[in-house]
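Listed here are the chains, written in short residue letters.
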Amino acid sequence: MAATLVLDPEVDHSLDVILVGSSELSSPPSPGPRRDLIAYEVKVNQRDIEDVCICCGSLQVHTQHPLFEGGMCASCKDKFLECLFLYDDDGYQSYCSICCAGETLLICENPDCTRCYCFECVDTLVGPGTSGKVHAMSNWVCFLCLPFPQSGLLQRRRKWRTWLKAFYDREAESPLEMYKTVPVWKREPIRVLSLFGDIKKELTSLGFLEDGSKPGKLKHLDDVTNVVRRDIDEWGPFDLTYGSTPTLGHTCDHPPGWYLYQFHRILQYARPLPGSLQPFFWMFVDNLVLTEEDLDVATRFLETDPVTIQDVRGRTVQNAVHVWSNIPAVKSRHSALVSQEELSLLAQDRQRLKPPAQGPATLVKNCFLPLREYFKYFSTELTSSL
């Protein structure tokens, strides 16, 4: 666990998917005092740790923890699904990788990892006082990155990425698409295809693109009517394909559904060939202009459910967008508090009033932060307007 520890780049300890969410969400409540019983149940009562929720200590186990050996109750499972893939503006995980709660977090210093662990979980599962010792270190490599699998009662699962995908496929509303992360020294500048809505400003501010002659490639197209597969092959390959409908009140030459159908068509051209291990991400954003029928078609064509990302000031929703994406972190930003009726009223207001302060690309900006784990990142100050 010392700073001199050298990690073998061929060993399977890198992250598969790094996802982004909002640090503005209220922190989940920390697990209760029942977690103090975990060590007692396992060491004294000889209970199998798989029969104890390692997040809170409950004996009402619903499923197994996907990253570490141990059980998980239904309540902690729901919290895990909601919060594991939330990331702060600095690119690090917002909550503990074990319990998805915690107030004080220990950050892994492995450049290929962005996971965090709360003091409570570390002291409960590894040993009393461990968090203080880790906190005093100048560098620390976490429990998913260490070359040995077990620390106290905390033992990572073999092939934990496979467990994580199976967990989400089984417990979440839609399957999880996973890619193996790219080692830092192998990362290349990102290649972006931007349709209709331009995201150059946002990606540049996040450090994925640089102005001038520096590396980083973005192809922006406003009209793709005459674009065919041969064109995409010539311009590509691409790592990220982004598209959006026009903003409310914006004059356009096509009905809103046209942007969806054209995005889906171009997306098929831009995707890597079947079996490719190339990380490939996509996102389609609706600025509340698609009809209910269009929304259903989008979900069917894009094969994933949409989420709602909002700009909330106080208790008032200033702006919102529907988002479809293969970045699972996007789903962590969903707010179940906004009904379709509220969104319809918001859309009507946006038609009458001046354009919102934040455009659609700004609303989804932080969703691109996990791309740092796959593509070259140019040093810049991370800023967030969410």
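Calculation criteria
- Residues numbered from 1 in each chain as written.
- Predicted model: local features only at pLDDT ≥ 70, side-chain atom pairs only at ≥ 80, totals over all residues.
- Heavy atoms only, no water.
- Helix = DSSP H or I, 4+ residues; strand = E, 2+ residues; numbered from the N terminus.
- Contact = heavy atoms within 4.5 Å.
- Areas by Shrake-Rupley, 256 points an atom, 1.4 Å probe, with all protein chains shown as cover.
- Patch = residues over 30% accessible without salt bridge, like charges linked within 9 Å, V, L, I, M, F, W, Y side chains within 5 Å.
- Salt bridge = Lys/Arg side-chain N within 4 Å of Asp/Glu carboxyl O.
- Lys, Arg positive; Asp, Glu negative; His and termini not counted.
- Charge placed at Lys NZ, Arg CZ, Asp CG, Glu CD.
- Buried < 20%, exposed > 50% of the residue type's maximum accessible area, 1.4 Å probe, protein only.
- Core = buried A, V, L, I, M, F, W, Y, C linked by side-chain atoms within 4.5 Å.
- Polar contact = N/O pair within 3.5 Å; in protein donor to acceptor, adjacent residues only side chain to side chain.
- Arc of directions from axis to C-beta.
- Phe/Tyr/Trp six-rings, centres within 6.5 Å; stacked < 30°, edge-to-face > 60°.
- Lys NZ or Arg CZ within 6 Å of the ring centre and 35° of its normal.
- Axes fitted to C-alpha atoms, helices over the stretch in contact; angles between N-to-C directions.
- Parallel < 35°, antiparallel > 145°, perpendicular 65-115°, else oblique.
- Nonpolar A, V, L, I, M, F, W, Y, C, P; charged D, E, K, R; others polar.

Right, let's talk about the overall build of the chain for a bit. Helix and strand counts for the chain stand at 11 helices and 12 strands. Long-range contacts, defined here as pairs at least 24 residues apart, represent 67% of the contacts in the chain between residues at least 6 apart. Here the chain has roughly 18200 Å² of accessible surface; of this, 51% comes from carbon and sulfur atoms.

On the surface, Asp 198, Asp 222, Asp 223 and Asp 253 cluster together into a patch of negative charge. Position of Asp 198 among the secondary structure elements: in the loop between strand E7 (191-195) and helix H6 (200-206). With a relative accessible area of 40%, Asp 198 lands in the partly exposed category.

Counting 54 residues, the largest nonpolar core has Leu 240, Met 283, Val 323, Val 364 and Phe 368 as the members making the most contacts within it. In terms of residue count, the dominant contributor to this core is helix H8 (residues 256-270) (8 residues). Excluding anything up to four places from it in sequence, Phe 368 contacts Ile 199, Leu 203, Leu 206, Phe 208, Leu 240, Tyr 242 and Met 283. If you look at the next biggest cluster of nonpolar residues, it comprises 48 residues, including Ile 49, Cys 53, Cys 73 and Cys 113.

Position of Glu 50 among the secondary structure elements: in the loop between helix H1 (37-44) and strand E1 (61-64). In sequence terms Glu 50 and Gln 64 are 14 residues apart; their C-alpha atoms lie 6.7 Å from each other. A polar contact is formed between the side chain of Glu 50 and the backbone nitrogen of Gly 70, at a distance of 3.0 Å.

Take H1 next. Restricting attention to buried positions, one finds in H1 the residues Ile 38, Glu 41 and Val 42. Considered in projection along H1, the buried side chains sweep an arc of 90° and stay on one side of the axis. The secondary structure elements touched by the buried residues of H1 are helix H3 (119-125). Looking at the residues trailing H1, positive phi occurs at Gln 46, about 55°.

This next bit is on the packing of aromatic side chains. Within this structure, the stated rule accounts for 17 aromatic pairs. Centre to centre, the rings of Trp 258 and Tyr 259 are 5.0 Å apart; their planes meet at 85°, and the pair counts as edge-to-face. Exposure class is identical for Trp 258 and Tyr 259. Each is buried. Connected via pairs of aromatic rings, a cluster forms that spans Phe 68, Tyr 117, Trp 140 and Phe 143. Above the face of the Trp 163 ring, Arg 157 is positioned so that its terminal group lies 4.0 Å from the ring centre. Here the basic side chain of Lys 219 rests over the ring of Trp 235, its NZ or CZ set 4.5 Å away from the ring centre.

So, about the pattern of salt bridges. Summed over all chains, the structure comprises 6 salt bridges. Of the charged contacts, one joins Asp 78 and Lys 77 as a salt bridge, the two residues approaching to 2.9 Å between their closest N and O atoms. Overall, the relative accessible area of 11% leaves Lys 77 in the buried class. Salt-bridge contacts for Asp 239 lead to Arg 191; the nearest nitrogen and oxygen are separated by 2.8 Å. Here Arg 191 lies in strand E7 and Asp 239 lies in the loop between helix H7 (229-235) and strand E9 (240-244), a separation of 48 residues in the sequence. Each of the salt bridges in this network shares a partner with another, and the network as a whole consists of Lys 77, Asp 78, Arg 170 and Glu 171.

Geometrically, a packed helix pair is captured by the angle between its two axes and the distance between the axes. Put simply, helix H2 (residues 74-83) and helix H5 (residues 160-171) touch, their axes get as near as 12 Å, and they point 105° apart. Taken together, H2 and H5 sit at an angle that is classed as roughly perpendicular. Contacts between H2 and H5 involve Lys 77, Phe 80 and Leu 81 on the former and, on the latter, Leu 164, Phe 167, Tyr 168 and Glu 171. Its residues placed into classes, the contact of H2 with H5 shows 5 nonpolar, no polar and 2 charged.

The next thing to look at is H2. Within the sequence span of H2, burial applies to Cys 76, Lys 77, Lys 79, Phe 80, Leu 81 and Cys 83. Tucked into the core, H2 has its buried residues touching E1, strand E2 (71-73) and H5.

Of note, the amide linkage connecting Gly 236 to Pro 237 takes the cis form, showing an omega dihedral of 0°. Tracing the chain through its elements places Pro 237 in the loop between H7 and E9. In this model, Gln 46 sits at a positive phi of 55°, which is unusual for a non-glycine residue. Topologically, Gln 46 is positioned in the loop between H1 and E1.

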